[in-house]
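Each chain, letter by letter, is given below.
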Amino acid sequence: MNAWPDQTSIAYLNTLYNDSWSVAAARGMALAFLGNDGQTKNGRIDYIFYSKASADLSVVSSQVYDTRDANGVMPSDHRPVLTTFSIR
């Protein structure tokens, strides 16, 4: 999305969709590497949203990965985020 959590575009999306990282964090199931609290760049700008109407979809966990090599070089200026869902 390349949008900060406090931007109006994200606020609008939050009315229709759940932010899977936030849901996982509230459940204690959000994982990130040491020194990272879910930042995918210099803050949180990448998201995985799912519909609030998806009653059969539940967040199991969400994780931001450290992709730096041994020299601290990242292959992208963003870090990947992965959310695992369960489906009833």
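Our subject is the structure that appears above.
An account of the accompanying structure is given in this report. Position labels on residues start from 1 in each chain and follow its written sequence. Since the coordinates come from a predicted model, pLDDT governs what is reported: local features require at least 70, and pairs of side-chain atoms require 80 or more to be given and counted, while whole-chain, interface and lining totals use all residues. Computation of side-chain values: all heavy atoms of the structure, hydrogens and water removed.

Remarks on the overall build of the protein chain
For step 1, the next point in the chain: Numbered from the N terminus, helices here are DSSP runs of H or I no shorter than four residues, and strands are runs of E no shorter than two. Of the regular secondary structure elements, the protein chain holds two helices and five strands.
For step 2, the next point in the chain: Of the regular secondary structure in the protein chain, the N- to C-terminal order runs α-β-α-β-β-β-β.
For step 3, the next point in the chain: By principal-axis analysis of the C-alpha atoms, the protein chain measures approximately 45 × 30 × 20 Å.
For step 4, the next point in the chain: A simple rule labels every residue: compare its accessible area, found with a 1.4 Å probe on the protein chains alone, to the largest value its type can have, and call it buried under 20%, exposed over 50%, or partly exposed in between. Relative to its full complement of 88 residues, the protein chain shows a buried share of 30%.
For step 5, the next point in the chain: Pairs of residues are marked as contacts when any of their non-hydrogen atoms sit within 4.5 Å. A separation threshold of at least 6 residues defines the contact pool for the protein chain, and within that pool the share at least 24 residues apart is 73%.
For step 6, the next point in the chain: Method for areas: the Shrake-Rupley scheme with a 1.4 Å probe, in which residue coverage is limited to the protein chains shown. Total accessible area on the protein chain is roughly 5,500 Å²; 54% of this is exposed by carbon and sulfur atoms.
For step 7, the next point in the chain: In the protein chain, 7 side chains carry a positive charge and 8 a negative one; their mean positions are 5 Å apart. Charge convention: Lys and Arg are scored as positive, Asp and Glu as negative, and His as well as the terminal groups of each chain are ignored. Every charge is mapped to an atom, namely NZ of Lys, CZ of Arg, CG of Asp or CD of Glu.

A few points about the nonpolar core
For step 1, the next point in the chain: Core analysis: the largest hydrophobic core is formed by five residues, namely A3, I10, L13, Y47 and F49.
For step 2, the next point in the chain: Setting aside residues no more than four positions away along its own chain, I10 makes contact with M1, A3, W4, P5, Y47 and F49. Among the buried residues, those of types Ala, Val, Leu, Ile, Met, Phe, Trp, Tyr and Cys that are joined through side-chain atoms within 4.5 Å form a nonpolar core.

Some remarks on the side chain of S61
For step 1, the next point in the chain: Following the sequence through the fold, S61 ends up in strand β4 (residues 57-64).
For step 2, the next point in the chain: You can call S61 buried: its relative accessible area is 19%.
For step 3, the next point in the chain: Discounting chain neighbours no more than four positions away, the residues touching S61 are A24, M29, L82, T83 and T84.

Re unusual backbone geometry
Most of the time, phi is negative for any residue but glycine, and the peptide bond is trans.
For step 1, the next point in the chain: Even without being glycine, N2 reaches a positive phi, approximately 55°.
For step 2, the next point in the chain: Examined against the element boundaries, N2 turns out to sit in the segment before α1 (8-16).
For step 3, the next point in the chain: By relative accessible area, which is 54% here, N2 ends up exposed.

Notes on the side chain of D46
For step 1, the next point in the chain: On the secondary structure map, D46 appears in the loop between β2 (30-31) and β3 (49-51).
For step 2, the next point in the chain: Definition used for salt bridges: Asp or Glu carboxyl oxygen within 4 Å of a side-chain nitrogen of Lys or Arg. Although D46 is buried, it forms no salt bridge, and the closest oppositely charged side chain is K41 at an N-O distance of 8.0 Å.
For step 3, the next point in the chain: A polar side-chain atom of D46 sits 2.7 Å from a polar atom in the side chain of T40.
For step 4, the next point in the chain: Within the structure, D46 has its side chain in polar contact with the side chain of H78 (distance 2.8 Å).
For step 5, the next point in the chain: Dropping the residues within four chain positions of it, D46 is found in contact with M1, N2, T40, H78 and R79. Nitrogen and oxygen atoms within 3.5 Å of one another constitute a polar contact, given that in protein one can donate a hydrogen and the other can accept it, and given that sequence-neighbouring residues count only through two side-chain atoms.

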